[in-house]
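One letter stands for each residue in the lines below.
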Amino acid sequence: MENKENQKSISRRNFLKTSVVLGGVASLAAVTGKAFASSAVAQGFSTKEKFDTIIANGMVYTGEIKAPVKADIGIRNGKITAIAKLGKNCDNWVDATDRVVCPGFIDIHGHTDTNLLEAPLGDSKIHQGITTDIGGNCGYSPFPFSDEEYERRKNTLRFGYPFWQNIDGFYDALRKNTIGINYGSYVGHGDIRHIVVGDNDVAATPEQLKMMCKILDKQLEMGAVGLSFGLEYTPGSYGRTEEFIALLKVVAKHDALYAIHMRNEDDRVEEAIAEAIELARRSGARLEISHLKAQNQNNWHKVPSMLKLIHDAEKSGMDIHFDRYPYTAFSTGLDCFIPLAQRQGSSKEILARLENPTTEKIIREYALGRVKRLGGPECILIAACFAPGNEKYTGKYLNECCKISGKDEWETIKYLLQSEKLNVNMAGFAMKEDNLRTLLNDPLAMVITDGSVYSPKGRLGQEAPHPRSYGSFTNYIGKYVRDQKFCDLQTAISKCTSVPAHQLKLKDRGLLKEGYCADVLVINYDTIADVATYGQPHQFSKGIDHVFVNGVHTLKNGEYTGCKLSGMII
Ligand SMILES: [Zn+2]
């Protein structure tokens, strides 16, 4: 299955011919050679105006669902100041002939978090065209901390910066470090529950609930984009409905976003969607369902009914969207084979349950059942091991790991969990390609990475992330839009730019428009491709020729220019 993912059909094609199909009148003008002569071509001359940069002669996709126009983009002081025929009066003239020019991609569901302090350029993301990254998803964010913990650690450093308690301190560290892409974050419900209620399966008391709402309100005041839930994870899963609604009313008050990694994504996925919608309905919060999928073969038929639930909610007037990464394998920790009830408490307590014959039996039965539902051990890839001697398991499927270890499936899983102290990354090939098309083509869908910033260099280069961290957007545009023709290019680009910008209420990003921040891509549509694989994920995408972040030329011919990093906190 890894090989299946690796197959890239980078067929050469005539860009102009392609854009006739996709683009209508403007492209016809290009084909006939009458550049700038068609009515669809941008009008106006501003040659007297001096620009910092002119991106010339590209096919301009504005981020809206409309035909592209051939035009120049003028950038000054970090903003787009003209879209027209502009001449050459500038410091930096970039030839975009035969190239797609579009807004920088916005990844509304990422897990970058503190990785941006280690790889400040945003390496794996900027090379796939992402200029705005949103972290803190699935219930986890690198803040807030309790007053006690903050008191204890306030004189220590975290990634070289003063230990922070709240989102403002985290944002300060990013600003001081400087970042190559724009960044924003949700606050994770799991972190708030952890510091107020703890990690066990108990209801919050009224006082605790009040405290949770107060902490949430503070993070939103300080600029969090919303609240994220991770109801498949602890301790978020231990929250009660009334707790969720009370918190979401705070989110609604700020007109922020409510993102949810649902309680279930397989056998009870429809019930989980209904729960997510009900929480939005009762709180008034705007809903973004995270990485929507029907996992495991026995659930693949559910996608139409899942979409019906979502569209019925939308028709009833609810603000609801969903997102999805363009791959058929999910990525998680191998500890997902331990049932939630056995995952309470510290790592030490959880590991002890693997030793206790009574709890070990419960965990084994659950794990083997889950392996079977996923499609068997050949559908489970061990993506990263760290303990000495375990390198041989990295990049191998569970059936291969069993051969290496000489143990059965359960004993191999148990060995890996114990020797790695629960910290094992895995990929599960449990989704269907046809469903990916249906989901991504839905008008309410957005494209995401569900991944972090990585870099081939340094500590992060030693990890084994899902390839989506390097290639979601290039995979979507290259493999699914160009090769498999999921939809036309302007629609695809809108799902990566203006739709997430609208959900995030970004007033000046997500479109190529005068006055907007100059987050701009120049793409080679013939060659754009994700080349990262499950076995070798640390590979930059192809076809992202130029990236401008707030007007600064950050990638040139696919390489970092060495510029001062210009990303902003959004
Ligand atoms: Zn998630």
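Within each chain, residues carry numbers counting from 1 in the order of the written sequence. A pLDDT threshold of at least 70 governs which residues receive local features in this predicted model, and a stricter bar of 80 or more applies before side-chain atom pairs are shown or counted, although totals over entire chains, interfaces and linings include all residues.

**Examining the overall build of the protein chain**
Piece 1. Secondary structure elements are defined from DSSP: runs of H or I of at least 4 residues count as helices, runs of E of at least 2 residues count as strands, and each element is numbered from the N terminus. Regarding its fold elements, the protein chain presents 20 helices and 24 strands.
Piece 2. Radius of gyration means the value over C-alpha atoms here, while the globule rule gives 2.2 Å times the residue count to the 0.38 power. Computed over the C-alpha atoms, the radius of gyration of the protein chain is 24 Å, within 12% of the 25 Å expected from 2.2 N^0.38 for a compact globule of 570 residues.
Piece 3. The dimensions of the protein chain, computed from C-alpha atoms along their principal axes, are 80 × 50 × 50 Å.
Piece 4. Here the C-beta atoms are placed from the backbone, and a residue counts as buried if at least 20 other C-beta atoms lie within 10 Å of its own, exposed if 12 or fewer do, and partly exposed otherwise. Across the 570 residues of the protein chain, 53% fall into the buried class.
Piece 5. Working definition of a contact: two residues with C-beta atoms, positioned from the backbone, lying within 7 Å. Relative to all contacts within the protein chain whose residues are 6 or more apart in sequence, the contacts with residues 24 or more apart total 75%.

**A few points about the sheet that holds strand β15 (residues 320-324)**
Piece 1. When DSSP finds two or more bridges between a pair of strands, those strands are recorded as paired. Pairing within the open sheet is parallel, and its six strands lie in the order β11-β12-β13-β14-β15-β20. Across the chains shown, the open sheet's two edge strands, defined by having one partner strand only, are β11 (187-188) and β20 (445-447).
Piece 2. Looking at chain direction, strand β13 (residues 257-261) and strand β14 (residues 286-289) are connected through four bridges and run parallel. What sits directly across from Tyr258, in β14, is Leu287.

**Here's the deal with the packing of helix α9 (residues 206-221) against helix α10 (residues 241-253)**
Piece 1. Fitted lines through C-alpha atoms serve as axes, helices being fitted only where they are in contact, and the angles separating the N-to-C directions of these axes extend from 0 to 180 degrees. Packing of α9 against α10 leaves a shortest axis separation of 9 Å and a crossing angle of 30°. Taken together, the axes of α9 and α10 lie roughly parallel to each other. The hand of the α9/α10 crossing is right-handed. Judged by residue contacts, Leu209, Met212, Cys213, Leu216, Asp217 and Leu220 of α9 engage Glu243, Ala246, Leu247 and Val250 from α10.
Piece 2. Gly counts as polar in this scheme, as do all residues outside two lists: the nonpolar Ala, Val, Leu, Ile, Met, Phe, Trp, Tyr, Cys and Pro, and the charged Asp, Glu, Lys and Arg. Classifying every residue of the contact of α9 with α10 gives eight nonpolar, no polar and two charged. When an angle is under 35 degrees it counts as roughly parallel; over 145 it counts as roughly antiparallel; between 65 and 115 it counts as roughly perpendicular; any other value is oblique. Each helix crossing is assigned a hand: it is left-handed if the near helix lies turned anticlockwise from the far helix by less than a right angle, otherwise right-handed if that turn is clockwise.

**Considering helix α16 (residues 409-419)**
In an α-helix, one turn spans 3.6 residues, which is why side chains three or four residues apart end up on the same side.
Piece 1. For α16, the full list of buried residues reads Glu409, Thr412, Ile413, Lys414, Leu416 and Leu417.
Piece 2. Directly after α16, the chain includes Lys421, whose backbone phi takes a positive value near 50°.

**A look at the nonpolar core**
In summary, soluble globular proteins display a tendency toward joint burial of nonpolar side chains.
Piece 1. Here, a nonpolar core denotes buried Ala, Val, Leu, Ile, Met, Phe, Trp, Tyr and Cys residues that are linked to one another through C-beta atoms within 7 Å. Counting residues in hydrophobic clusters, the biggest one holds 164 residues, and the most contacted among them are Val101, Tyr258 and Ile382.
Piece 2. Domain ranges listed in this record stem from an automatic or a database domain assignment. Summarising the domain contributions, this core has at least three residues from each of domain 1 (2-103 + 545-560) and domain 2 (332-429).

**Here we look at the pairing of β14**
Piece 1. The side-chain alternation of β14 yields two buried faces, one formed by Arg286 and Glu288 and the other by Leu287 and Ile289.
Piece 2. Clockwise travel from the first strand over the helix to the second, with the strands pointing away from the viewer, marks a crossover as right-handed. Handedness of the β13-helix α11 (residues 269-283)-β14 crossover: right-handed.
Piece 3. For β14 and β15, the ladder comprises three bridges, and the chain directions are parallel. Bridge pairing in β15 places Glu288 opposite His321.

**Topic: the pairing of strand β17 (residues 380-384)**
Piece 1. With respect to burial, β17 is a largely interior element, five of its five residues being buried.
Piece 2. The sheet contact formed by β17 and strand β19 (residues 425-429) spans four bridges and is antiparallel. Among the inter-strand pairings, Ile382 is bridged to a residue of β19, identified as Met426.
Piece 3. Taken together, the two bridges between β17 and strand β18 (residues 396-397) define a ladder with antiparallel strand orientation. Following the sheet pairing, Leu381 is matched in β18 by Tyr397.

**Quick look at helix α19 (residues 489-496)**
Piece 1. By the criterion of burial, α19 is predominantly enclosed, with six of the eight residues buried.
Piece 2. Within α19, burial applies to Leu489, Ala492, Ile493, Ser494, Lys495 and Cys496.

**Examining the sheet that holds β18**
Piece 1. Strand order in the open sheet made by the four strands is β16-β19-β17-β18, with antiparallel pairing throughout. Here the strands that pair on one side only, and so sit at the sheet edges, are β16 (329-333) and β18.

**Let's talk about unusual backbone geometry**
Piece 1. Following Phe143, the chain continues to Pro144 via a peptide bond in cis, the omega torsion being -10°.
Piece 2. In this structure, the amide linkage connecting Thr234 to the following residue, Pro235, adopts the cis form with an omega of 0°.
Piece 3. Looking at where Pro235 falls in the secondary structure, it is placed in the loop between β12 (226-230) and α10.
Piece 4. Despite not being glycine, Asn57 has its phi angle at roughly 70°, a positive value.
Piece 5. Along the chain, Asn57 falls in strand β1 (residues 51-60).
Piece 6. The phi torsion at Asp255 lies on the positive side, around 55°, for a residue other than glycine.

**A few points about the packing of helix α8 (residues 189-196) against α9**
Piece 1. Interhelical geometry of α8 versus α9 gives an angle of 135° and a closest axis separation of 10 Å. By the angle between their axes, α8 is oblique relative to α9. By crossing handedness, the relation of α8 to α9 is classed as right-handed. The residues of α9 that touch α8, namely those facing Ile192, Arg193 and Val196, are Gln208, Met211, Met212, Ile215 and Leu216.
Piece 2. Split into classes, the residues belonging to the contact of α8 with α9 amount to six nonpolar, one polar and one charged.

**Some thoughts on the environment of Tyr233**
Piece 1. Examined against the element boundaries, Tyr233 turns out to sit in the loop between β12 and α10.
Piece 2. Residue classification places Tyr233 among the buried residues on the basis of 23 C-beta atoms within 10 Å.
Piece 3. Between the alpha carbons of Tyr233 and Leu340 there is a distance of 7.6 Å; along the sequence they are 107 residues apart.
Piece 4. In contact with Tyr233, not counting residues within four places along its chain, are Cys138, Gly139 and Gly190.

**Brief notes about the environment of Asp530**
Piece 1. Looking at the element boundaries, Asp530 is found in the loop between β21 (520-523) and β22 (544-549).
Piece 2. For Asp530, a count of 28 C-beta atoms within 10 Å gives the class buried.
Piece 3. Apart from the residues within four sequence positions on either side, Asp530 is in contact with Pro467, Tyr470, Gly471, Thr474, Asn475, Gly478 and Ser541.

**A look at the environment of Gly562**
Piece 1. With respect to the helices, strands and loops of the structure, Gly562 is situated in the segment after β24 (559-560).
Piece 2. Between the alpha carbons of Gly562 and Leu121 there is a distance of 9.8 Å; along the sequence they are 441 residues apart.

**Description of the confidence of the model for the protein chain**
Piece 1. Scored from 0 to 100, pLDDT reflects the predictor's confidence in each residue. Overall, the predicted model of the protein chain reaches an average pLDDT of 91, with 92% of residues at or above 70.
Piece 2. In this model residues 1-41 is a low-confidence stretch, pLDDT under 50, and it forms 68 contacts with partners more than four residues away in sequence or in other chains.

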